[in-house]
Amino acid sequence: MTNLQQIIIVLNNFSIGIVIPVFNLILLEKGSNLQTLPLLLTIYSLTVLSLELPSGICADLYGRKRVFLFSCGFKLIFYSLLFVATNIIWLVFALIFDGLGRAFSSGSLDALLIDQALARHGQSSLTKITSRLAVLEGSSMAVGGLVGGFISGVTGAYQANISLSAVFTILLLVLCSIFIKEQPAPALKQRTLLAEHIQRGKELIFSTPQFALLLMGVFFVGFLLSAIETYWQPCFTKISSGPNSTWLLGLITFLGFLAVAVGNIGAQKLLEKYDNGWWSIYHLMRIAFAVCMIVFAFQEKTIGFVAWYTCVYFCLGASNVAGATLLNQLTPNQMRASVLSLNSLIAQMGLISASVFSSLMIVKLQFRGVWLVAGGLLGGYAIVVAGITSKKRAVK
């Protein structure tokens, strides 16, 4: 990737990271509560779910740059609505546009950059490209989270976080419009290509059991991430000792995304060293991810909470690089944006399922119970799939 492409990736994720450490607190401040919070996130996820795959297909057929620019526009509308929101109705519309921005961004920019890098450096560079993207995304979100926590701690309000994210999104929109280049898709064949493209996608999904198993894992990761991201901020403010702990939310977000980046790098090294052990690395990291989540659920002190939160995100980073590398290995170039959007769509299905479950069960199970269910589901999946794929390799 060129330096400019890396800067664009950093800006995109840094702008998101600024809001992340206080996002749920913003929603709670502007009219939500612990019961309606997961329902708002469900609205977001349903919006993403409905447009995730169509946006990926559009990116493959009509241009990935064009689709990504639309996503930037939707994000700006989201930030504007969030800034002026005074009740849950405003929040509903804000999260719809947030979902639109997410749906149009997932897969479009990554697919463009991956294909361009593969064209320059060859298929053997896939592991490095996938890891590099993950590291840039994770580290820039980490710094954005640290800055976001600092800003909210200094100002005592969240409007500055929203405004700064909007400013960086405008800068991102300008840079992409001017400097990102893409070969135009052939316009005359678009109508026939659409049906063929969808058919090829169906054939790809069912071409190998491993492909379907990878996508199934994305669902359970989405479920777990929804459970932890919905409630870690209110849980931490409940157990933290100091009255002014807002700045710590930024630090925790920073440590989480930094752990993701370190996990990305560690997984890349393992994948490069053990060419024939990619599936084994994937299974081990997913199992470790689930175990860390279960241990995290029992933390009642600030130090333990922060330490195990960091461990959860380290395993997330490591297992996601392994999973993304395997998925990209099975995916042809012309299908990449669609497959990455399908991957994100399935994650959103996990998010929606967790949001509905959390909304119904949070009062009865509390934070710990919801997190234990999420960790148990992912652990069960990882153990079963490890057994299935091990048997298949043994037969071969």
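Residues numbered from 1 in each chain as written. Predicted model: local features only at pLDDT ≥ 70, side-chain atom pairs only at ≥ 80, totals over all residues. Heavy atoms only, no water.

Visitor: Please clarify how the overall build of the chain should be interpreted in this entry.
Guide: Counting its regular elements, the chain contains 14 helices and zero strands. Counting from the amino terminus, the chain carries its helices and strands in the arrangement α-α-α-α-α-α-α-α-α-α-α-α-α-α. Buried positions account for 54% of the 396 residues belonging to the chain. Sequence-distant contacts, at least 24 apart, represent 86% of the contacts inside the chain between residues at least 6 apart. Of the accessible surface of the chain, which amounts to about 16,800 Å², a share of 69% is contributed by carbon and sulfur atoms. (Helix = DSSP H or I, 4+ residues; strand = E, 2+ residues; numbered from the N terminus. Buried < 20%, exposed > 50% of the residue type's maximum accessible area, 1.4 Å probe, protein only. Contact = heavy atoms within 4.5 Å. Areas by Shrake-Rupley, 256 points an atom, 1.4 Å probe, with all protein chains shown as cover.)

Visitor: Please explain the pattern of salt bridges as it appears in this structure.
Guide: Two side chains bearing opposite charge may form a pair once their charged atoms approach each other closely. As enumerated under the stated definition, the model contains one salt bridge in all. Glu 300 serves as the salt-bridge partner of Arg 368, at 2.7 Å between the closest nitrogen and oxygen. With Arg 368 in helix H14 (residues 336–395) and Glu 300 in the loop between helix H12 (278–296) and helix H13 (302–329), this pair connects stretches of sequence that are 68 residues apart. Owing to a relative accessible area of 32%, Arg 368 belongs among the partly exposed residues under this scheme. (Salt bridge = Lys/Arg side-chain N within 4 Å of Asp/Glu carboxyl O.)

Visitor: What is the right way to read the side chain of Thr 42 from this model?
Guide: With respect to the helices and strands, the residue Thr 42 is situated in helix H3 (residues 37–62). With residues up to four places along the chain from it excluded, the contact list for Thr 42 reads Ile 352, Ser 355 and Val 356.

Visitor: Before we go on, may I ask you to explain helix H1 (residues 3–17) in this structure?
Guide: Owing to its 3.6 residues per turn, the α-helix aligns residues three or four sequence positions apart on the same side. Here H1 spans 21 Å end to end across 15 residues, near enough to the 21 Å set by a 1.5 Å rise per residue. Buried residues of H1: Gln 5, Gln 6, Ile 8, Ile 9, Leu 11, Asn 12, Asn 13, Phe 14, Ser 15 and Gly 17, and no others. Check the buried side of H1 and you find it contacts helix H4 (64–84), helix H6 (108–121), helix H7 (126–155) and helix H8 (159–179). (Expected span 1.5 Å × (residues − 1).)

Visitor: Quick question: what am I supposed to make of the environment of Tyr 381 here?
Guide: Residue position: Tyr 381 is located in helix H14. With near-sequence residues (within four places) excluded, Tyr 381 lies in contact with Leu 213, Leu 214, Met 216, Gly 217, Phe 220 and Tyr 282.

Visitor: How do you make sense of empty space enclosed by the protein when you look at a structure like this?
Guide: Rolling a probe over the atoms, with the probe sized like a water molecule, indicates the empty space that remains. The final tally for this structure, using the stated rule, is two cavities of 30 Å³ or more. As a volume, the second largest cavity reaches approximately 40 Å³. In terms of lining residues, the second largest cavity is bounded by Arg 64, Lys 65, Phe 68, Ser 108, Leu 109, Leu 112, Cys 176 and Ile 180. Residue assignment for the lining of the second largest cavity shows that the elements contributing at least two residues are H4 and H6. (1 Å grid on protein atoms, 1.4 Å probe; cavity = no way out; pocket = protein on both sides within 12 Å on 5 of 7 lines; lining within 4 Å. Points joined across faces, edges and corners; volume = space filled by probe spheres on them.)

Visitor: Help me out: how do you make sense of the environment of Tyr 231 in this one?
Guide: Tracing the chain through its elements places Tyr 231 in helix H10 (residues 209–239). With a relative accessible area of 0%, Tyr 231 lands in the buried category. Taking the C-alpha atoms as reference points, Tyr 231 and Ile 362, separated by 131 residues in sequence, lie 9.6 Å from one another. The residues touching Tyr 231, leaving out its near neighbours within four places in the chain, are Leu 34, Pro 38, Ser 358, Ser 359, Ile 362, Phe 367 and Trp 371.

Visitor: I tried to follow the nonpolar core on my own but got confused; where do I start?
Guide: Soluble globular proteins tend to pack their nonpolar side chains together in the buried interior. Core analysis: the biggest nonpolar cluster contains 89 residues, and Ile 228, Trp 232 and Trp 371 have the highest contact counts within it. When neighbours within four sequence positions are excluded, Trp 232 is seen to be in contact with Leu 249, Ile 252, Thr 253, Phe 305, Tyr 309 and Trp 371. (Core = buried A, V, L, I, M, F, W, Y, C linked by side-chain atoms within 4.5 Å.)

Visitor: Help me out: how do you make sense of the packing of H1 against H4 in this one?
Guide: A packed helix pair is summarised by two numbers, namely the angle formed by the two axes and the spacing between the axes. Two elements in contact, H1 and H4, have axes whose closest approach is 13 Å; the angle formed by their N-to-C orientations is 20°. Relative to H4, the element H1 lies roughly parallel. The two elements H1 and H4 meet at a crossing, and its hand is left-handed. Listed contacts from H4 to Asn 12, Ser 15 and Ile 16 of H1 are Phe 68, Lys 75 and Tyr 79. Its residues assigned to classes, the contact of H1 with H4 comprises three nonpolar, two polar and one charged. (Axes fitted to C-alpha atoms, helices over the stretch in contact; angles between N-to-C directions. Parallel < 35°, antiparallel > 145°, perpendicular 65-115°, else oblique. Left-handed = near helix turned anticlockwise from the far one by under 90°. Nonpolar A, V, L, I, M, F, W, Y, C, P; charged D, E, K, R; others polar.)

Visitor: What should I look at first to understand the packing of H4 against H6 in this one?
Guide: Taken N-terminus to C-terminus, the directions of H4 and H6 make an angle of 150°; their axes are 8 Å apart at the nearest point. Looking at the two axes, H4 sits roughly antiparallel to H6. Crossing hand, H4 versus H6: left-handed. Only Ser 108, Leu 109, Ala 111, Leu 112 and Asp 115 of H6 make contact with H4, whose side of the interface consists of Arg 64, Val 67 and Phe 68. Of the residues belonging to the contact of H4 with H6, the class tally is five nonpolar, one polar and two charged.

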